[in-house]
Amino acid sequence: MVETSSATLLEQLDPLRTRIDGALARYTEFSADCPPDLREAMRHSLLAPGKRLRPLLVVLAAEACGGSEAAALPAACAVEMVHAYSLIHDDLPAMDDDDLRRGQPTCHRAFGEALAILAGDALLTLAFEVLARDVQPPAVAARCCAELAAAAGACSMVGGQADDIRPCGTGVPPVVPAKHTSNGHVDHESLHWLERIHRRKTGAMFLASLRLGGLVGLGCNGGADADRLSALDKFGKRIGLAFQIVDDLLDVAGDPELVGKRLGKDHGRGKLTFPGLLGVEESTRRARVLIDEACAALSPLKPKASRLEALARYVLERNL
Ligand code: GRG
């Protein structure tokens, strides 16, 4: 049983988050060949006050596998760069068309659409430069590059996003809006579809964060230590889904000031969401069960996984 409350954990992780931010800032200094407005657009989104959940997961997974923070920081930054690129592109008028992100104007609102697209492109490529150059040894760097590329690619984040932005009725199932659960009935087809979207769109990057941290922590033993990587896999799949359920719940009932983005838009657009499909109570129950299962999966990594376990509890209790 973990005693640390999520608020206390967040405070305890503040110095680590500050060191992650410092590394992200150093990685985006650039030579004079980078146009100043492109640099500013990248830093506007990358250094904005996000929760830094994914880089924290990288570092804490490395720690759970016996690795050091210093060794994990390049991979942590790479994952955050891919995440920031995805948020910039997701906010564009052609996708979610949002004005506010992380409590400030979205990249295209501050710098224009063309520069925002390029800032996203440059963050994505920078992530792989950092991994290939700064993760050691080179064999682990190569594996990290392959895993992060797959998690961000056509069968994962980009594929999930492509299915998610499809107007209702124009894609593969569900071709009708989700049926609700007022009579206790669960529409399993819609639920399966929703989980399949989020496993790729959101979950894959959580899983990659944990796997990259695990690979860095285990070093060249990564291949030989299947038990510990598989514990991280089980943990990652569950917290990825729980995170998304909580995100949907915050969209319905969160505080826009805290969350730092427009809320209620998924519900307003009639989009398929967990509370829309299962109701608030059942969605909350499922998120709780997933986090309990995630924490139980960490047993092969104990006691070094205690901060990872506490971060999973935060995913459930977060209000931003
Ligand atoms: C455009 C290729 C491409 C992909 C976009 C990640 C994503 C796919 C879209 C983001 C849209 C969104 C709000 C998804 C819900 C879950 C999610 C990723 C929320 C944002 O992550 P947080 O809460 O954000 O960790 P911070 O700002 O704290 O890092």
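Scroll up to find the structure this text is about.
Cut-offs applied
Residues numbered from 1 in each chain as written. Predicted model: local features only at pLDDT ≥ 70, side-chain atom pairs only at ≥ 80, totals over all residues. Heavy atoms only, no water. Phe/Tyr/Trp six-rings, centres within 6.5 Å; stacked < 30°, edge-to-face > 60°. Helix = DSSP H or I, 4+ residues; strand = E, 2+ residues; numbered from the N terminus. Buried < 20%, exposed > 50% of the residue type's maximum accessible area, 1.4 Å probe, protein only. Lys NZ or Arg CZ within 6 Å of the ring centre and 35° of its normal. Axes fitted to C-alpha atoms, helices over the stretch in contact; angles between N-to-C directions. Parallel < 35°, antiparallel > 145°, perpendicular 65-115°, else oblique. Left-handed = near helix turned anticlockwise from the far one by under 90°. Contact = heavy atoms within 4.5 Å. Nonpolar A, V, L, I, M, F, W, Y, C, P; charged D, E, K, R; others polar. Expected span 1.5 Å × (residues − 1). Polar contact = N/O pair within 3.5 Å; in protein donor to acceptor, adjacent residues only side chain to side chain. Near = heavy atom within 4 Å.

1. Concerning the packing of aromatic side chains
Two measures describe an aromatic ring pair: the distance that separates the ring centres and the angle between the ring planes.
Thought 1: By the definition in use, this model includes 1 aromatic pair.
Thought 2: Judged by centre distance (4.7 Å) and plane angle (45°), the rings of F206 and F243 are tilted. Here F206, found in helix α9 (residues 188-218), pairs with F243, found in helix α10 (residues 226-253); they are 37 residues apart in sequence, far enough to count as distant.
Thought 3: According to the relative accessible area criterion, F206 is buried, its value standing at 0%.
Thought 4: Directly above the aromatic system of F243 lies the positively charged group of R54, at a separation of 5.5 Å from the ring centroid.

2. Notes on the packing of helix α4 (residues 69-91) against α9
Relative orientation and spacing of two packed helices are given, respectively, by the angle between their axes and the distance between those axes.
Thought 1: For the pair α4 and α9, the least separation of the axes is 9 Å and the interaxial angle reads 165°. In terms of axis orientation, α4 runs roughly antiparallel to α9. Like other packed secondary-structure pairs, α4 and α9 cross with a definite hand, here right-handed. Contacts between α4 and α9 involve A71, A72, A75, V79, V82 and H83 from the former and M205, S209, L212 and V216 from the latter.
Thought 2: Considered class by class, the residues forming the contact of α4 with α9 number 8 nonpolar, 2 polar and no charged.

3. What about helix α6 (residues 113-134)?
Given 3.6 residues per helical turn, the α-helix brings residues three or four places apart onto the same face.
Thought 1: For α6, spanning 22 residues, the distance from its first C-alpha to its last is 31 Å, which sits close to the expected 32 Å at 1.5 Å a residue.
Thought 2: What α6 keeps buried is the set L115, A116, A119, G120, A122, L123, L126, A127, V130 and L131.

4. Describing the environment of D225
Thought 1: Mapped onto the elements of the fold, D225 is located in the loop between α9 and α10.
Thought 2: Linking D225 and L215, residues 10 residues apart in sequence, is a C-alpha distance of 9.5 Å.

5. Regarding the side chain of D225
Thought 1: The class of D225 is buried, set by a relative accessible area of 15%.
Thought 2: A distance of 2.6 Å separates the side chain of D225 from the side chain of R228, its partner in a polar contact.

6. What about the site of the ligand?
Thought 1: Surveying the vicinity of the ligand reveals 20 residues, the closest of which are K51, R54, H83, D90 and R102.
Thought 2: A distance of 2.7 Å separates an oxygen atom of the ligand from a polar side-chain atom of R54.
Thought 3: In this structure, R102 approaches the ligand through a side-chain N or O atom, which is 2.7 Å from an oxygen atom.
Thought 4: Elements represented by at least two residues in the shell around the ligand include exactly α4, α8 (157-164), α9 and α10.
Thought 5: Here the shell around the ligand takes 6 residues from α4, the largest share from any one element.
Thought 6: Its residues assigned to classes, the shell around the ligand shows 6 nonpolar, 7 polar and 7 charged.

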